[in-house]
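Chain and residue survey
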Amino acid sequence: FEAKFAKYMDAKYGVCTSSGTTSILTALSAVGVGVGDEVIIPPYTFIATASAVIDSNGTPVFADIDPDNYCLIPESIEEMITDKTKAIIVVHLGGCPADMDAIMAIANKHNLMVIEDAAHAHGARYKGRAVGAIGHIGCFSFQSSKNLNCGEGGIALTNYRELYDRCSAYHNCRRLPPNAIGDVGNIVGTNMRMTEFQGAILLSQ
């Protein structure tokens, strides 16, 4: 399922997790968010977008949203950036894509990591590109209210091999995936794996 969903969403790699929330935790760990780091997020989203940052020992910082689509306004993101900013979590709320070209330009300018919270956005496209594979890591939920679901579950997608290795190690008790390209640094690792049973339910859909 990891391989099939990653291909469907234009990503090279997928790491299935126990929930959408743990996919965000996995992504935050992979990009190195920790004590003293700020993560810019929207104020209108599910609690996990903020609580995952807090659980990662980071500080959520709220930028403003566009009233037309409820997604982050790029100009507001830039106003919130400080020397403590480590990452941006973009939420494609209700499957409505945020302005990823502008957001990635800001992230590249300030050397920030971009995590896409695409929990509501299975199959959504931004200018022909699948959301969740435009930033550094994209996170999806398969909880029972989602269009594609297995009761509970999630996945982190990425096109970066180093981030894939770090996501894999974090969600699987620090075990490296086959053909890992190097050490995963300070990743501690835990068990946030999806079960094979859940994967089979998702494959059937």
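Report follows, based on the coordinates. All chains use their own residue numbering, which begins from 1 and follows the written sequence. In keeping with the predicted nature of the model, local features appear solely for residues at pLDDT of at least 70, side-chain atom pairs appear and are counted solely at 80 or more, and the whole-chain, interface and lining totals rest on all residues. Side-chain descriptors were evaluated using all non-hydrogen atoms of the structure, hydrogens and water having been removed beforehand.

Regarding the nonpolar core
Where we set the bar: Nonpolar cores were defined as sets of buried Ala, Val, Leu, Ile, Met, Phe, Trp, Tyr and Cys residues, with membership established by side-chain atoms within 4.5 Å. Residue exposure (1.4 Å probe, protein chains only): buried if accessible area is under 20% of the type maximum, exposed if over 50%, otherwise partly exposed. Numbered from the N terminus, helices here are DSSP runs of H or I no shorter than four residues, and strands are runs of E no shorter than two. The contact definition used throughout considers only heavy atoms, calling two residues in contact when any of these lie within 4.5 Å.
Phe1, Phe5, Ile77, Ile88, Phe142, Ile155 and Leu157 are the most contacted members of the largest nonpolar core, which totals 39 residues. Elements with a minimum of two residues in this core: helix 1 (2-8), strand 4 (85-91), helix 5 (100-110) and strand 9 (154-158). Sort the elements by how many residues they give to this core and helix 5 lands first, with five residues. Ignoring any residue separated from it by four or fewer positions in sequence, one finds Ile77 in contact with Ile40, Ala63, Leu72, Ile88, Ile103 and Ile106.

Focus on the packing of aromatic side chains
A ring pair, where both rings are aromatic, is described by two values, the distance of the centres and the angle of the planes. This is how the line gets drawn: By convention, a stacked pair of Phe, Tyr or Trp rings (six-membered ring in the case of Trp) has centres within 6.5 Å and planes under 30 degrees apart, an edge-to-face pair has planes over 60 apart, and any other such pair is tilted.
Evaluation of the coordinates by the stated rule reveals seven aromatic pairs. With a centroid separation of 4.8 Å and an interplanar angle of 15°, the aromatic rings of Tyr13 and Tyr164 are classed as stacked. Of this pair, Tyr13 sits in strand 1 (residues 13-17) while Tyr164 sits in helix 6 (residues 161-171); the two residues are 151 residues apart in sequence, bridging distant segments of the chain. When its relative accessible area of 16% is taken as the criterion, Tyr164 is described as buried.

Observations regarding the pattern of salt bridges
This is how the line gets drawn: Salt bridge, as applied in this entry: a Lys or Arg side-chain nitrogen positioned within 4 Å of an Asp or Glu carboxyl oxygen.
By the definition in use, this model includes four salt bridges. Residue Lys109 is joined to Glu78 by a salt bridge in which the shortest nitrogen-to-oxygen separation is 3.0 Å. Residue Lys109 is found in helix 5, and its partner Glu78 is found in helix 4 (residues 74-80); the two are separated by 31 residues along the sequence. The class for Glu78 is partly exposed, based on a relative accessible area of 29%. Residue Lys127 is joined to Asp101 by a salt bridge in which the shortest nitrogen-to-oxygen separation is 2.9 Å. A residue pair is termed long-range when its members are at least 10 positions apart, and Lys127 in the loop between strand 6 (125-126) and strand 7 (129-130) and Asp101 in helix 5 qualify at 26 residues. On the basis of relative accessibility, which here comes to 64%, the residue Lys127 falls in the exposed class.

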